[in-house]
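Close look at the chain arrangement
Listed below are the residues making up each chain.
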Amino acid sequence: MDAQVLIAKRIARELRDGMLVNLGIGIPTLVSNYVAPDVRIFFQSENGLIGTGPIPAEGLAQARLTDAAGRPVTAIPGACTFDSAMSFGLIRGGHVDVTVLGALQVDAQGKLANWMIPGKMVPGMGGAMDLVTGAKRVVIAMQHTAKGKSKIVKRCDLPLTSARSVDLVVTELAVIAFENGRATLVETAPGVSVQQVREATEAELLVRGDVPTMQL
Amino acid sequence: MHTTTLHDAVARIPDGARLMIGGFMGVGTPEGLVDELLRQDKRGLTVIANDTAVPGIGIGKLVTAGAVRKVIASHIGLNPETQKKMLAGTMDVELIPQGTLIERIRAAGFGLGGILTPTGVGTVVEEGKQKLTVDGRDFLLETALHADFALVQAFVADYLGNLVYALTARNFNPVIAMAGSTVIVEAEHIVPVGMISPDQVMTPAPIVDYLIART
């Protein structure tokens, strides 16, 4: 299975009926494709929409209906729109149940860096700092390594997104939780051993007993 | 409220003015006002907006033309020219978390000196800012952000200046309309007074100074 699809499928299983969910750009966007049909999620776009639907069919794009990357989307029946102050009131105010975001680094305590590489790539934090600070649950969707280097590090050397730790990291190799501020290996991907995950991970991983395989 | 032309509205904006411009990745940006700023060759502008769109669209055009001295935004990652000018030091860029940016603008329009937010605590965003503890939780004091002009795009306006926005083109528009000393509105449709139901009005007419008449 493609690494990104595997990550998205696993994260889709974290979402429950009726949740308000905000997906970041990149792998997180794919998560909406794998939600079970009987589970109704309210997807929020930070630019002012709850009820974000699929990409419109060719020729049916509405210029005033876009996602957080400015791409055309649809709105499902029952959707609502609002201004940016309301959108970030929802985010910062603790009304978003789950946010799924990408990452540059996550460290052993679950601290996240995902908005800049000083002097090199400075896209800005956009809504990321508010999302990590305010969402009830923060789930990170990312590849385990970048250019052969672990993205799960002992300590982030890139600027942090928030003082708050993330709750869950899902990669193509593993699911890692941060209960009590310690990186804990809770699942391995199909066909991946605990040893393989450890070898690919710079941060020390806590392992308790047998580690189950990801259900997809 | 006065109706006016694009030319006359933009002629009121001096070089070096501080502008808030509506839009999110160009959606909800008053494109006619942006084009007129370029046509009148305004320089040294400070632009306060969510982002700088992409080259060739909305605020991206102002960046490319070198009309902007400083950008205050939350995200510039989709406009490589903004990044290039920032890293080269030819344009100042101040990055602010999106929720903080919109609240600082809202504070200005609502007569507040600033707001307290947990966003940015424990990150580089807190540098140089006052930190306050309320009920055991740390917050940053983020001060109000004002502008000389708010350039607003509306979906429907009436001839008094009541405004309605559409779908995700609303974004920063109703908030900046409260925070600009002078508010200039470009509307897709202008309708007679009384056509907009009071319950549908998103920006009340007395806030608007100039409405661009359709020609």
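For clarity, every value in this text was computed on a predicted model and none was experimentally measured.

So, how was this worked out
- Residues numbered from 1 in each chain as written.
- Chains lettered and ligands numbered in written order.
- Predicted model: local features only at pLDDT ≥ 70, side-chain atom pairs only at ≥ 80, totals over all residues.
- Helix = DSSP H or I, 4+ residues; strand = E, 2+ residues; numbered from the N terminus.
- Rg over C-alpha atoms; globule rule 2.2 N^0.38 Å.
- Buried ≥ 20, exposed ≤ 12 C-beta atoms within 10 Å, placed from the backbone.
- Contact = placed C-beta atoms within 7 Å.
- Nonpolar A, V, L, I, M, F, W, Y, C, P; charged D, E, K, R; others polar.
- Pairing = 2+ DSSP bridges.
- Axes fitted to C-alpha atoms, helices over the stretch in contact; angles between N-to-C directions.
- Right-handed = clockwise from strand over helix to strand, strands pointing away.
- pLDDT = per-residue confidence, 0-100.
- Parallel < 35°, antiparallel > 145°, perpendicular 65-115°, else oblique.
- Left-handed = near helix turned anticlockwise from the far one by under 90°.
- Arc of directions from axis to C-beta.

**Some words on the overall build of chain B**
A tally of regular secondary structure across chain B gives six helices and 12 strands. Against the compact-globule benchmark of 17 Å for 215 residues, chain B has a radius of gyration of 17 Å, which places it among compact chains. Expressed as a percentage of the 215 residues in chain B, the buried residues total 51%.

**Details of the overall build of chain A**
Of regular secondary structure, chain A possesses five helices and 14 strands. Relative to a compact globule of 216 residues, whose C-alpha radius of gyration would be 17 Å, chain A shows 17 Å and is just as compact. Across the 216 residues in chain A, those meeting the buried criterion constitute 45%. The contacts of chain A with a sequence gap of at least 6 include a subset with a gap of at least 24, amounting to 63%.

**Here we look at the interface of chain B and chain A**
Across the boundary between the two partners, chain B contributes 37 residues, which contact 33 residues of chain A. For the side of chain B that touches chain A, the secondary structure elements donating two or more residues are α4 (80–88), α5 (98–109) and α6 (173–179) of chain B. Among the elements that line the side of chain B that touches chain A, the one with the most residues is α5 of chain B, at five residues. When grouped by side-chain class, the residues that make up the side of chain B that touches chain A number 19 nonpolar, 15 polar and three charged.

**Digging into the sheet that holds strand β1 (residues 20–23) of chain A**
Residues and elements named next belong to chain A. Strand order in the open sheet formed by nine strands is β4-β3-β2-β1-β5-β8-β12-β13-β14, and the pairing between neighbours is mixed. Looking at strand neighbours, the two that pair on one side only are β4 (74–81) and β14 (184–188), the edges of this open sheet. The mean inter-strand angle of the sheet, taken between neighbouring strand axes irrespective of direction, is 25°. Sheet analysis places strand β3 (residues 49–53) next to β4, joined by four bridges and oriented antiparallel.

**Digging into the pairing of strand β3 (residues 45–48) of chain B**
Residues and elements named next belong to chain B. Relative to β3, strand β2 (residues 18–21) runs parallel, the two sharing three bridges. Bridging from a neighbouring strand, M20 pairs with I48 of β3. For the segment spanning β2, helix α2 (residues 31–39) and β3, crossover handedness is right-handed. Taken together, the four bridges between β3 and strand β4 (residues 68–73) define a ladder with parallel strand orientation. Counted as the bridge partner of L45 is V68 from β4.

**What about the sheet that holds strand β8 (residues 137–143) of chain B?**
Residues and elements named next belong to chain B. As summarised here, the arrangement of the three strands in space is β6-β8-β7, forming an open sheet in which the pairing is antiparallel. Each of the sheet's edge strands pairs with one partner strand only, and the pair in question is β6 (114–117) and β7 (131–134). For this sheet the average axis-to-axis angle between neighbouring strands, irrespective of direction, equals 35°. Summarising the sheet, β6 and β8 pair through four bridges and their orientation is antiparallel. Bridge assignment links I115 to a residue of β8, and that residue is E142. Sheet contacts for α5: β6 and β8; angle to β6, the most-contacted strand, approximately 150°.

**With respect to unusual backbone geometry**
Most peptide bonds take the trans configuration, and most residues that are not glycine carry a negative phi. All names here are of chain B. Despite not being glycine, L167 has its phi angle at roughly 45°, a positive value. Along the chain, L167 falls in the loop between β10 (163–164) and α6. Even without glycine at this site, N171 takes up a positive phi of about 30°. As for its position among the elements, N171 is in the loop between β10 and α6.

**Focus on the pairing of strand β8 (residues 137–141) of chain A**
All names here are of chain A. Counting buried positions along β8 gives four out of five residues, so the element sits mostly inside the fold. Here four bridges tie strand β5 (residues 98–101) to β8, and the two strands are oriented parallel to one another. Note that in β8 the partner of V98 across the bridge is R137. Here β8 runs beside strand β12 (residues 168–170); their pairing, made up of three bridges, is parallel. Considered in β12, the bridge of A141 is made with V170.

**Some words on the confidence of the model for chain B**
Across chain B, pLDDT averages 97, with 100% of residues at or above 70. Both scores are given for the predicted complex: the pTM is 0.96, the ipTM 0.97.

**Some words on the packing of helix α3 (residues 84–92) of chain A against α5 of chain B**
Direction vectors running N to C along α3 of chain A and α5 of chain B enclose 130°, while the axes themselves pass 9 Å from each other. Between α3 of chain A and α5 of chain B, the interaxial angle falls into the category oblique. Of the two possible hands of crossing, α3 of chain A and α5 of chain B adopt the one that is left-handed. Seen from α3 of chain A, the contacting residues are S84, A85, F88, I91 and R92 of chain A; seen from α5 of chain B, they are Q98, G99, I102, E103 and R106 of chain B. Taken together, the residues of the contact of α3 of chain A with α5 of chain B sort by class into four nonpolar, three polar and three charged.

**Describing the environment of A107 of chain B**
Residue and element names in this part refer to chain B. Mapped onto the elements of the fold, A107 is located in helix α5. Judged by C-beta crowding, with 20 C-beta atoms within 10 Å, A107 ranks as buried. On a C-alpha basis, the gap between A107 and L211 in space is 24 Å, while along the polypeptide they are 104 residues apart. Residue contacts for A107: discarding those within four places in its chain leaves L112, G114, I115 and A144.

**Things to note about α2 of chain B**
Residues and elements named next belong to chain B. For α2, the set of buried residues is L33, V34, E36 and L37. Each buried residue of α2 sits inside an arc of 165° when the element is viewed along its axis, so together they form one side. Phi for D41, located one or two positions after α2, is positive at around 55°.

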